[in-house]
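Examination of the molecular architecture
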Amino acid sequence: MTLRAEPSADDIPERPRVLLVDDDEVNLLLTSVALQDQGFAVTEAASGEAAIRVLANWLPDIVVLDAVMPGLDGFETCRELRVLPGFESLPVLMLTGLDDDASITRAYEAGATDFFVKSTQWSLLAGRLRYLLRASRTRVELERSKSRLARAQDLARMGSFDWRRGQDGPVFSIEGLRVFGFGPGDQPAFRSLLRMVPEEERKAFLELTHSAMDRSTVLATDIHARLVDGRQRIVHIEAEPEFNEHGNLVGYTGIVQDVTDRRLAEDRIRHLANFDTLTGLPNRRQLIWRAERALDHGRRLGHEVALLLIDLDRFKVINDTLGHGAGDELLMEVSRRLRSCVRHSDQVLESSLETVGLRSHRTLEAVGRLGGDEFVALLPEVVDEADAERVATRILEVMRKPIMIGLQECFVTASVGIAIFPRDGATVADLLRNSDIAMYSVKSAGRNSSSLYRPNLAGKGREKLELESALHKAIERNELVLHYQPKIDVRGARMVGAEALMRWRRHGQLVAPGDFIPLAEETGLIIPLSEWAIREAARQARIWQDNFGFADSIAVNLPSRLFERTDLVEYIHNAVTTYGVPHHAIELEITETGLMKDLQNVIPSLHRLNEIGVEISIDDFGTGYSSLAYLTTLPISELKIDRSFVRDLGMTPQSSAVVTAIIALARSLGLRVIAEGVENLRQMEVLHRLGCGIMQGFLFSKPQPPEDIERWLQQTVLPKKAPWIGQAMAGDNPEPQRVARARESRAKPVGKLP
């Protein structure tokens, strides 16, 4: 027979089993692939209901839940799985795009182990999952150890006793004597037993004993005892009164039990729940509890409380360069230095302060770890903001000293944000948020410094958060619209296509693209926005086809990351077939910079799109500073001359030279060329003369809603009433061309060759 070894806390499976639940197919796919690359075995579920069905027959190592889902959302799913047998302690990580404290509190109330704000930093997510797995296995191991200890105590660490009135002390069984370290022949008097109890606890124990005997009630208590061999133990005493036939108390019978190991295990579990396992500092739960108590005392005693949020500036560089082991060493050294900057208390505090007195709240002072490379210093009583700034200065000074990791000398600075109660917030959530805002202002200003929170700091951050939250809901609220800018063949004076430009109508007003497009790219929302734009452009192409026989293409701008999708071709195919338009009705524009940034991942999708008839246009051509070799191999149909080269046409020879080169290059490769940003007749004339006949810009039409484009065609283009039409027609005559060349010649700077 072989004995199977118990798993240790660090014994994580080679490929931990993860149940990933997210209703968003894109997020589900991206997160699943990233976690699989990080060594996890991922099972996917597209809804809370599907997750519950999967869990009915399978137990994963950890569950990752999206908080916001239709139907059974992440919070309700967490509640339902917690009531399933065997799932009470299963680690559950809540993925959320919401970073308000109410959602975080709701996640914990639903039974979540921890939460993680959605991002593309997959290594941080994987690290958080492994951390939760280690903590879970540590907790399971401790619980199992506690159960084994309880069984062992029932068999070998418990004894009985009788205490009759008139006896000098209780009479113990052999097992009871063993609990106190006595032999079978010993029968100690009560006075001898009392001397084992520490002097500071004797009075309370005697009062409890006399009270139970006077009232003839049950006695149950734990005492600290110094045994005859010098060992310090914790003994549980439990006794019930016995009465004679007349109802008079005749004595007590009970048990004694050595509960030292159980109490140590409980203390260990309590420590695990309240302190960070790596640094030994109070964790988020303990910090929030201490901060709430500190604010209570601040309100009652009328003093200020300071909360300092400390973020390491170069931790990621060291972690990525030297490895996670070195990162852990660094965090432990940082925690030691931070601990020295305050009157740190490691006391486990939960239900109430264990000390008494007017200034007992000062025992709350500590440095804790929020997670990752973020720490918090809690100062439960400060005279004014200068006290908090002195502590921040002390922190910055100790952090500037080099740290030796192995044989490598490292330098890590910190950015510190300071919030003061009650000036900067009435709750812990307010102080954490405002100290975070102050800390990020330090980051923006160059780092390695500290800053007090000021209300004006919150303006931009709050506005960005509100805009991001509203952008998440823009599609479902039908707030997004496409405006179209025509592409004009100036020789034929006709529209030969259009570019779709996204607009956001919020509260009845258009949000500037420069305000929400960068935010969409930063948050990843650019993916669903671009998918919506493809379908909407296909729908509009069908409407124009029915209204006036539109047979050209609508160009949609796509980010390069969308080309990484394996189903991009299928998505576009479904979009155009849904509305009954040919594949060439959609043209995809990608910037030269975006193309070259991730060329190898983009190439396969470009070829597949070209095979089904979708054309590719390179936008902002000439600004990417890239090799031109890719033009000969990629399935590109069109080059767009960037507006920066068009702007000075007819005024500087350099602009004409660049445009001439681009046009010649396009012709030699058999590509269409189009100029964007054409705003006046001068630019149009020069482009026309240089051989570029397709243009777009404000000279012809600004981006307009689709119904305005139809009106523009009817009222301006078809009756040939626009000034540029006559000018374009005249551009084929030699005289206007001669005038244009003369005008350009006059604009040449003095001393420069043509």
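Note that this is a predicted model, so its numbers are computed, not measured.

Focus: the overall build of the protein chain
The helix and strand tally for the protein chain stands at 26 helices and 26 strands. When each of the 754 residues of the protein chain is scored for burial, the buried share is 47%. Counting only contacts in the protein chain whose residues sit at least 6 apart along the sequence, the fraction spanning at least 24 positions is 65%. Here the protein chain has roughly 37000 Å² of accessible surface; of this, 51% comes from carbon and sulfur atoms.

Description of helix α11 (residues 315-322)
When α11 is considered as a whole, its buried residues turn out to be Phe 315, Ile 318 and Asn 319. Looking straight down α11, one finds that the buried residues subtend no more than 100° of arc, so they occupy a single side. Of the residues in α11, the exposed ones pointing more than 90 degrees away from the buried face are Lys 316, Asp 320 and Thr 321. On its buried face, α11 sits against β11 (304-312), α12 (324-339) and β15 (408-410). Phi turns positive one or two residues past the end of α11, at Gly 323, with a value near 105°.

Brief notes about the environment of Glu 676
Here Glu 676 is to be found in strand β25 (residues 672-676). Between the C-alpha atom of Glu 676 and that of Gln 696, which follows or precedes it by 20 residues, the distance is 4.9 Å.

Concerning the sheet that holds strand β17 (residues 449-452)
Taken together, 5 strands build an open sheet; the order of strands is β12-β13-β11-β16-β17 and the sheet is mixed. If you trace the sheet from one side to the other, it starts and ends with β12 (366-371) and β17, each paired once. Across this sheet, the average inter-strand angle for adjacent strands is 20°, counted without regard to direction. Relative to strand β13 (residues 374-382), β11 runs antiparallel, the two sharing 7 bridges. Within β13, the position partnered with Ala 306 by the bridge is Leu 379. Running at roughly 145° to strand β16 (residues 414-421), helix α14 (residues 428-445) makes contact with β11, β12, β13, β16 and β17 of the sheet.

Points about the pairing of strand β2 (residues 41-45)
Strand direction decides the pairing type here: strand β1 (residues 17-21) and β2, joined by 5 bridges, are parallel. Residue pairing in the sheet places Val 18 in a bridge with Val 42 of β2. For the crossover from β1 across helix α1 (residues 25-37) to β2, the handedness is right-handed.

A few points about the packing of aromatic side chains
For the coordinates displayed, the defined rule picks out 10 aromatic pairs. A centroid spacing of 5.7 Å and a plane angle of 75° characterise the contact between Trp 504 and Phe 516, whose relative ring orientation is edge-to-face. Of this pair, Trp 504 sits in strand β19 (residues 494-506) while Phe 516 sits in helix α16 (residues 513-523), and the two are 12 residues apart along the sequence. Since its relative accessible area comes to 0%, Trp 504 is described here as buried. The exposure class of Phe 516 is buried, given its relative accessible area of 0%.

Some words on the sheet that holds strand β5 (residues 114-117)
A sheet is described by the order of its strands in space; here 5 strands give the open sequence β2-β1-β3-β4-β5, paired in parallel fashion. Looking along the sheet, the strands with just one partner apiece sit at the ends: β2 and β5. Ignoring strand direction, the axes of neighbouring strands in this sheet form an average angle of 25°. When strand β3 (residues 62-66) meets strand β4 (residues 92-96), the two strands line up parallel, connected through 4 bridges. Along β4, the bridge assignment pairs Asp 66 with Leu 95. Most of the contacts of helix α2 (residues 48-55) go to β1, to which it runs at about 155°, and overall it touches β1 and β2.

A word on the confidence of the model for the protein chain
Residues with a pLDDT of 70 or more make up 88% of the protein chain, whose mean pLDDT is 84. pLDDT under 50 marks residues 351-357. Its contacts with residues more than four places away, or in other chains, come to 12 contacts. Considering only residues more than four positions removed or in separate chains, one finds that residues 733-754, a stretch of pLDDT under 50, has 23 contacts.

Observations regarding the pattern of salt bridges
Tallying each qualifying case throughout the model produces 39 salt bridges. Among the ionic pairs, Lys 443 bridges to Asp 313, the shortest N-O distance being 3.0 Å. Taken together, the residues span a long stretch of sequence, with Lys 443 in helix α14 and Asp 313 in the loop between β11 and α11 at a distance of 130 residues. Neither residue differs from the other here; Lys 443 and Asp 313 are each classed as buried. When the shortest N-O distance is used, the salt bridge between Glu 536 and Arg 539 registers 2.6 Å. In this pair, Glu 536 and Arg 539 both sit in helix α17 (residues 526-548), 3 residues apart, roughly one turn of the helix. Using a relative accessible area of 16% as the deciding quantity, one classes Glu 536 as buried. Through salt bridges with shared partners, a single network forms among Lys 487, Glu 499, Glu 587, Glu 589, Glu 615, Glu 638, Lys 640, Arg 672 and Glu 676.

Re the packing of α17 against helix α24 (residues 706-717)
Where α17 contacts α24, the two axes come as close as 11 Å, and the packing angle between them is 30°. By the angle between their directions, the pair α17 and α24 is classed as roughly parallel. The chirality of how α17 crosses α24 is right-handed. Contacts between α17 and α24 involve Gln 540, Ile 543, Trp 544, Asn 547 and Phe 548 from the former and Pro 706, Ile 709, Glu 710 and Leu 713 from the latter.

Topic: unusual backbone geometry
With an omega dihedral of 5°, the bond running from Phe 421 to Pro 422 counts as a cis peptide bond. Mapped onto the elements of the fold, Pro 422 is located in the loop between β16 and α14. The phi angle at Ser 216 is positive, at roughly 55°, despite the residue not being glycine. Locating Ser 216 in the fold gives a position in the loop between α8 (199-215) and β8 (219-226). Taking relative accessible area as the criterion, Ser 216 reaches 25% and is therefore assigned partly exposed.

Focus on the side chain of Asp 114
Within the element layout of this structure, Asp 114 appears in strand β5. Polar side-chain contacts of Asp 114 include one of 3.2 Å to the side chain of Tyr 108. The residues contacting Asp 114, other than those within four sequence positions of it, are Val 92, Leu 93, Met 94, Tyr 108, Arg 128 and Leu 132.

Remarks on the environment of Arg 433
Checked against the element boundaries, Arg 433 lands in helix α14. Exposure remark for Arg 433: the relative accessible area of 37% places this residue in the partly exposed category.

Side note on the side chain of Asp 61
With respect to the element layout, Asp 61 can be found in the loop between α2 and β3. Owing to a relative accessible area of 12%, Asp 61 belongs among the buried residues under this scheme. A polar side-chain atom of Asp 61 sits 2.7 Å from the main-chain amide nitrogen of Arg 17.

Details of the pairing of strand β21 (residues 553-557)
Looking along a regular strand, one sees the side chains alternate between the two faces of the sheet. Judged by how many residues are buried, β21 sits mostly within the fold: 4 of 5 residues are covered. With 4 bridges connecting them, β19 and β21 associate as parallel partners. Bridging from a neighbouring strand, Gly 497 pairs with Ser 553 of β21. Inspection of the sheet shows β21 paired to strand β22 (residues 586-591) by 4 bridges, in the parallel sense. Paired with Asn 557 across the bridge in β22 is Glu 589. What joins β21 to β22 is helix α18 (residues 568-578), and the crossover it makes is right-handed.

Conventions and cut-offs
Residues numbered from 1 in each chain as written. Predicted model: local features only at pLDDT ≥ 70, side-chain atom pairs only at ≥ 80, totals over all residues. Heavy atoms only, no water. Helix = DSSP H or I, 4+ residues; strand = E, 2+ residues; numbered from the N terminus. Buried < 20%, exposed > 50% of the residue type's maximum accessible area, 1.4 Å probe, protein only. Contact = heavy atoms within 4.5 Å. Areas by Shrake-Rupley, 256 points an atom, 1.4 Å probe, with all protein chains shown as cover. Arc of directions from axis to C-beta. Pairing = 2+ DSSP bridges. Axes fitted to C-alpha atoms, helices over the stretch in contact; angles between N-to-C directions. Right-handed = clockwise from strand over helix to strand, strands pointing away. Phe/Tyr/Trp six-rings, centres within 6.5 Å; stacked < 30°, edge-to-face > 60°. pLDDT = per-residue confidence, 0-100. Salt bridge = Lys/Arg side-chain N within 4 Å of Asp/Glu carboxyl O. Parallel < 35°, antiparallel > 145°, perpendicular 65-115°, else oblique. Left-handed = near helix turned anticlockwise from the far one by under 90°. Polar contact = N/O pair within 3.5 Å; in protein donor to acceptor, adjacent residues only side chain to side chain.

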